Amino acid sequence: LPGDLAKQNATRNPRRTSATAAALMIGLTLVVSMGVFASSLRASFGDVLSDRVTADLYVVTSSAQAPGYSPSVVDAVRGVDGVDEVSPQGWGMARIAGADTGFSSIDPATAADVLDLDVTAGSLADLGRDGVMVAASAATAHGWHVGDTVQAEFAETGEHRLRIAAIYAGKGWISDDYVVSRAAQTALTGPQLVAGSFVRVDPSADQGEVRAAIADVLADHPDAKVLDRRGFEQEVGGFIEQMLTFMTVMLALAVMIALLGIVNTLALSVFERTRELGLLRAVGMTRGQVRAMVRWESAMISLIGAVSGAALGIGIGVAMSQVLKDEGIRSISIPVGQIAVYVAVAAVAGVLAALGPARSAAKVDVLKAVGTD
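Each chain carries its own residue numbering, running from 1 in the written order of its sequence. For this predicted model, a pLDDT threshold of at least 70 governs which residues receive local features, and a threshold of 80 or more governs which side-chain atom pairs are given and counted, while totals over whole chains, interfaces and linings are taken from all residues. Hydrogens are left out, water is left out, and the side-chain values use all remaining heavy atoms of the structure.

Moving on to the side chain of Thr110. Going along the chain from the N terminus, every DSSP run of H or I of four or more residues is numbered as a helix, and every run of E of two or more is numbered as a strand. You can see Thr110 is positioned in the loop between strand E3 (99-106) and helix H4 (111-114). Any N or O atom pair separated by 3.5 Å or less is treated as a polar contact, with the protein-specific requirement of one donor-capable and one acceptor-capable atom, and with residues adjacent in sequence counted only for side-chain atom pairs. Of note is the side chain of Thr110, whose polar atom sits 2.9 Å from the side chain of Ser87. Contacts are assigned to residue pairs with any non-hydrogen atoms lying within 4.5 Å of each other. Thr110 has contacts with Glu85, Val86 and Ser87, leaving out every residue within four places of it along the chain.

Okay, structure coming up:
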C-alpha cells in the first residue's frame, strides 16, 4: 500500500517529478558516457598494443605529464648489450593543408620493425628530410597519391612543401594523419624531445637482464624509465583509472545536487499534502507506513533519473567511441558492473534524501492536518 500511494504521488505532478529526476539523469549521463568511453579506450589500447606493436621493452618519460626526454637517452639505450634496435618517436604541431593539426615523427630505418603501420603505398625508406607519410583516410579525403606535395607551415621555419612518400592504413598506435621522419622534424622544427622509444631485445639475450641494464643506464637520465609490456599497459591503464576516478568524483557531486533537489521536492510535496496525510493517519495509516510511502516516492524519482541517465550515457559513450574509430578506438566495452553500482548508489541516495521529509510527514498532527485547507 505505501508503495502504491508513492507511485500515485510521483505521477500526480509529472512535471515536478521529471524536473527533479533530470538533475540526477544529467549527472549520470555524463559519468556513464565517459565511463563507457574510458573502458573502450582501455580495451582498444590492449588490442592495439597486441596487434600493432612488436617491441619487447618501452622507454617512456618518468612522469606522465612530461613532454618527453632528451635524445641522448636513445643513444644511451642503444649502447646497452643485448639491445637489438631502438626506435624513437616524437610529435609536434603544424599547419598542414590549411588546417592546424598534430603530426608524429618516427625513425624510418627502425619503425617498420617495431610497428605495424600497414603501409599501402610508397615506402618508409623514402621519407627523408622532406617527405611525409599520410593516413589513408586523409589521402582519400584530399585526393592525394604518392608523389604529390602537401603545403605545410611550421612555427619555427615557416612554409614548406612536403612530398608524400607513403600512405598508411595502420592507425592505432599512431593516430595522427601525418608522419615525418625524426630528421625531418629536427630540420623543420629544430631539436625536439623524444616522446617515447620502442626497444627490441636480441633473441639470444635475456630480456630481464637487458631491462635491468637499461635501467642502470637510465639512472643518469632521470627524465626516462624502461618498462616491459605488462608495466607499459599498467602505466597507460593507470592514466585511464585516474580519469575514471575523476568521473566517480563527478558522480558524487551529481548525487549531492540530486539529493538537494529530491529533498526540496519531497519537502514541498509533504507541505502541500498536509491535509491528505492527516486523513491517511486518521483512517489507520501508521507512522511507519507514512515514512515508507515518502521513501518509496523518493526511490522512484531517483531510479527514473538513474536508469534514464544510464541508458543515455551508454548510448553517448558508444557513439563517442564509434566516432573515434578511425583514431584507433577499435573495441566497444560497456562496464556493466560499474554502471549497475552507479544506479544502485543513486537509488540508495534517493532513500537517504527522503529521511528528513519522511520524518516530517510522520510527525504531522492528525487533528490539525485534517482541519487544514
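The criterion for an aromatic pair is that two Phe, Tyr or Trp rings (for Trp, the six-membered ring) have centres within 6.5 Å, with stacked assigned to planes under 30 degrees apart, edge-to-face to planes over 60 apart and tilted to the rest. Under the counting rule described, the total for this entry stands at four aromatic pairs. Between the aromatic rings of Phe103 and Phe154, the centroid separation amounts to 5.8 Å while the plane-to-plane angle is 85 degrees, which identifies the pairing as edge-to-face. A residue pair is termed long-range when its members are at least 10 positions apart, and Phe103 in strand E3 and Phe154 in strand E6 (residues 149-154) qualify at 51 residues. Accessible area is worked out with a 1.4 Å probe on protein chains only. A residue is then buried under 20% of its type maximum, exposed over 50%, and partly exposed in between. Among the residues examined, Phe103 registers a relative accessible area of 2% and is labelled buried. The buried category is assigned to Phe154, whose relative accessible area is 4%. When the ring of Trp144 is compared with that of Tyr178, the centres are 6.2 Å apart and the planes differ by 55 degrees; the resulting orientation is tilted. Taken as a pair, Trp144 in the loop between helix H5 (136-142) and E6 and Tyr178 in strand E8 (residues 178-181) lie far apart in primary sequence, 34 residues in all.

Every case where a carboxyl oxygen of Asp or Glu lies within 4 Å of a side-chain nitrogen of Lys or Arg is listed as a salt bridge. Using the criterion set out here, one finds five salt bridges in the structure. A salt bridge links Arg95 to Asp100; its shortest N-O distance comes to 2.9 Å. One network of salt bridges, with partners in common, ties together Asp75, Arg78 and Asp107.

Mapped onto the fold, Val318 is located in helix H10 (residues 287-323). Taking relative accessible area as the criterion, Val318 reaches 23% and is therefore assigned partly exposed. Residues Val318 and Ile332 lie 14 residues apart in sequence; the distance between their C-alpha atoms is 6.7 Å. Dropping the residues within four chain positions of it, Val318 is found in contact with Val36, Ile332 and Ile334.

What follows deals with the confidence of the model for the protein chain. On average, the protein chain scores 82 in pLDDT, and the residues at 70 or more come to 90%. Per-element confidence in the protein chain is highest for E8, whose mean pLDDT is 94, and lowest for helix H13 (residues 366-370), whose mean pLDDT is 61. pLDDT is a per-residue confidence score from the predictor, ranging from 0 to 100.

Here we take up a positive patch on the surface. Judged by side-chain charge, Arg287, Arg291, Arg359 and Lys363 come together as a positively charged surface patch. Along the chain, Arg291 turns up in helix H10. A residue is classified by how much of its surface remains accessible, and Arg291, at 32% relative accessible area, is partly exposed. For patches, a residue must show more than 30% relative accessible area and have no salt bridge; joins then use 9 Å for like charges and 5 Å for nonpolar side chains, namely Val, Leu, Ile, Met, Phe, Trp and Tyr. Computed by Shrake-Rupley with a 1.4 Å probe, the accessible areas treat only the displayed protein chains as cover when residues are assessed. Charge counting treats Lys and Arg as positive and Asp and Glu as negative, with His and both chain ends excluded. Positions of charges follow a simple convention, taking NZ of Lys, CZ of Arg, CG of Asp or CD of Glu.

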